[in-house]
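Remarks on the overall topology
Now for the letters of each chain:
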Amino acid sequence: MRYCGAVRIKNREVNDMKKSLAIILALSMLIALCAGCGDSNKPTGESQPVAQEGEPSEDPNSGAGGAEIALICSAGGGSINDRGFFQSTYEGIQEFCEETGHTYTYYDTAENTIDSLYESIDLAVLNGAKVICTSGGDFVGMMEELYAAYPDLYFICNETPYTTPGENAVIYTFQAQDSAFLAGVAAVVEGYTDIGFVGGIPVLPVMRAGYGFIQGVNWAAGELGVEGIQLKYWYSNSFEPSADIQAYAAAWFESGTELSAAFCGGAAPSVWAAAEASDGLCFGCDVDQYYESDTIITSVLKNVDVSTKEALWGWENGEFPGGETISYGMADGGVDLAMAHSLMESFTEEEYEHYRDLYINELSENVYSVEDFESADDMWEALGEHNIELQIYE
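This write-up is about the structure you can find in this document.

Quick notes on the rules
Residues numbered from 1 in each chain as written. Predicted model: local features only at pLDDT ≥ 70, side-chain atom pairs only at ≥ 80, totals over all residues. Heavy atoms only, no water. Axes fitted to C-alpha atoms, helices over the stretch in contact; angles between N-to-C directions. Helix = DSSP H or I, 4+ residues; strand = E, 2+ residues; numbered from the N terminus. Parallel < 35°, antiparallel > 145°, perpendicular 65-115°, else oblique. Left-handed = near helix turned anticlockwise from the far one by under 90°. Contact = heavy atoms within 4.5 Å. Nonpolar A, V, L, I, M, F, W, Y, C, P; charged D, E, K, R; others polar. Salt bridge = Lys/Arg side-chain N within 4 Å of Asp/Glu carboxyl O. Buried < 20%, exposed > 50% of the residue type's maximum accessible area, 1.4 Å probe, protein only. Expected span 1.5 Å × (residues − 1). Arc of directions from axis to C-beta. Polar contact = N/O pair within 3.5 Å; in protein donor to acceptor, adjacent residues only side chain to side chain. Core = buried A, V, L, I, M, F, W, Y, C linked by side-chain atoms within 4.5 Å. Pairing = 2+ DSSP bridges.

**What to know about the packing of helix α2 (residues 85–100) against helix α9 (residues 304–316)**
- Two numbers describe how α2 lies on α9: the axes approach to 8 Å, and their chain directions differ by 40 degrees. Considering the angle they form, α2 stands oblique to α9. As α2 packs across α9, the resulting crossing turns out to be right-handed. Where α2 abuts α9, its residues Phe85, Ser88, Thr89, Gly92, Ile93, Glu95, Phe96, Glu99 and Thr100 lie against Val304, Asp305, Thr308, Lys309, Leu312, Trp313, Trp315 and Glu316.
- For the contact of α2 with α9, the residue count by class is 7 nonpolar, 5 polar and 5 charged.

Here is the structure:
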C-alpha cells in the first residue's frame, strides 16, 4: 500500500473531546500533585531539594554559598527533578565533583528572560562560580549576550539551539534523529500499527526527534512489509504538564492509539497519565524514564551527563573546548535507545544490536534532519516512498 502526502488535521472531534476531558483531568492532576508533594522522582530514591527562585541549592553534598560550578535551570521546567536535561546535567556535575572535590550548586531562574538570567548568574558569581552549566531551549537568543558579559566565566551548554558559542563557551548538540529513528523501528517490530508522537515546543532538538521517528516507522514498515500503519504527529507547544495536553493524548488513546512517543520534556507526564487511563504505552525521552510510569517501554537517550563531564574535565585540565559546537550522534555514544529496563518483547537486545549497527553503518547518511527541512511536511514529501499514513495535527 502506498500513501501520498501527509494529512494535516484540525480535528474537531479531538478538540471537542479534549475540552470535555480537560476539567476532569485538571481536577485529577491537582489531586495527584497534592498527593505527591515532596516526593523525589530520582530513581536512586535520594531526595534532591528544589532551590527557590534566585536562591542556591541547600543540597548538603554541594558547596552552596561557595560553589565553583553552577547549574542554571529554567523557570517552570522542574529544576533538577525535571526527568530530563537538568536532572541529567546535574548528575554529570555531581559525578565530576565527587571525583575532583570541586563544589557545585544550582539556581532556578524566576523567569525565562535575559534579566532573570543575569540575576541568577550574578548570584552564582557572588557565591564563587567559575563555570556555568545549562541545558535546553528555554534560553534561546539570550546566551550569546551572556558569553560576552561574563568573559571570565566558562559556559557549558547542552542542546541550546540557535546559539554561536563565544571563546569561553562550548555547545553540545545531539542528533536525536538517530535514537528516534531506532525507536520508530522498534515500534513497528513490536507490532504496533496505530502510533502517536507528542513533541513539545518545535525547537531544533524536538524536531530532530520527530523527523527521525517518522522516518524510522516509515522505513521499518517498508522493510518488514507491514501495511496499515498510521502515525499521528503533534507538537504540544509546551514543556509543562497540562490538562489540555493530557486530554489531547487521551483522545488519541481512546480512539485506538496503542503507543505514543512522549518527546515533550516536562509535559510528558500528561501523556503518561493519558496512557495509564487507557492501557496505552509510551516511549520516554532524554533519560531512561522507566521508573516514571509502567506505560514506558523504553526511552530515547541524550547523554548530557557525559557531555557535561567531558567539558568539565577539559576545564579542569586547561583544555576547555571554547568556541566549539560539538555534535554527538549514535555512533559517538551521544544518543541511544535505553535497553537496560526495556519492556519490549519482540525488539530484543539482539534486534537492537542488529538495527543499531545497520543504522550507524548504512542508514544514517540517508536520514533527514531539521537542518535539511524546516517542516515535517517538507521532509515527508522529500522521502518519496511512503509506507505509512502520516497524520500531522495542528
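**Regarding the pattern of salt bridges**
- Enumeration according to the criterion identifies 8 salt bridges in this entry.
- Of the charged contacts in the structure, one is a salt bridge between Glu68 and Lys130, with a shortest N-O distance of 3.8 Å. Within this pair, whereas Glu68 is found in the loop between α1 (12–35) and β2 (69–73), its partner Lys130 is found in the loop between α3 (114–126) and β4 (131–135), the two being separated by 62 residues in sequence.
- A relative accessible area of 17% places Glu68 in the buried class.
- On the basis of relative accessibility, which here comes to 44%, the residue Lys130 falls in the partly exposed class.
- Between Glu371 and Arg208 there is a salt bridge; the shortest N-O distance is 2.7 Å. Residue Glu371 is located in the loop between α10 (349–363) and α11 (376–383), and its partner Arg208 is located in helix α6 (residues 204–224); the two are separated by 163 residues in the primary sequence.
- Its relative accessible area of 5% is what places Arg208 among the buried residues.
- Three or more residues joined by partner-sharing salt bridges are found here, namely Glu159, Arg208, Lys302 and Glu371.

**A look at α3**
- Helix length check: α3, at 13 residues, gives a terminal C-alpha distance of 18 Å against a target of 18 Å (1.5 Å per residue), a fit within 8%.
- Looking only at α3, the buried set comprises Ser116, Leu117, Ser120, Ile121 and Ala124. Projected down its long axis, α3 shows its buried positions confined to an angular sector of 130 degrees, all on one face. Seen from the buried face of α3, the exposed residues on the opposite side, beyond 90 degrees, are Asp115, Glu119 and Leu126.
- On the buried face of α3, the contacting elements are β2, β3 (104–108), β4, α4 (143–149) and β5 (154–158).
- Downstream of α3 by one or two residues, Gly128 has phi in the positive range, about 95 degrees.

**Quick word on the environment of Gln175**
- Structurally, Gln175 can be placed in the loop between β6 (169–174) and α5 (176–189).
- For Gln175, a relative accessible area of 16% gives the class buried.
- C-alpha of Gln175 to C-alpha of Asp336: the two residues are 161 residues apart in sequence and 9.9 Å apart in space.
- Separated by 2.6 Å, the side chains of Gln175 and Ser327 make a polar contact.

**As for the nonpolar core**
- Formed by 81 residues in total, the largest nonpolar core has its most connected members in Ile69, Phe213, Phe283, Leu337 and Phe347.
- The element contributing the most residues to this core is α6, with 11 residues.

**Quick word on the sheet that holds strand β12 (residues 324–328)**
- Spatially, 6 strands are ordered β3-β2-β4-β5-β6-β12 in an open sheet, and the strand pairing comes out parallel. Strand pairing shows two members of the sheet lacking a second neighbour, β3 and β12, which therefore form its edges. Neighbour to neighbour, the strand axes of the sheet diverge by 20 degrees on average, direction disregarded.
- Sheet topology places β6 next to β12; 5 bridges connect them, and they run parallel. Across the sheet, the residue bridging to Phe174 is Tyr328, located in β12.
- Each of β2, β4, β5, β6 and β12 touches α9; the most contacted strand, β5, lies at about 165 degrees to it.

These results come straight from atomic positions and should not be treated as a statement about function.
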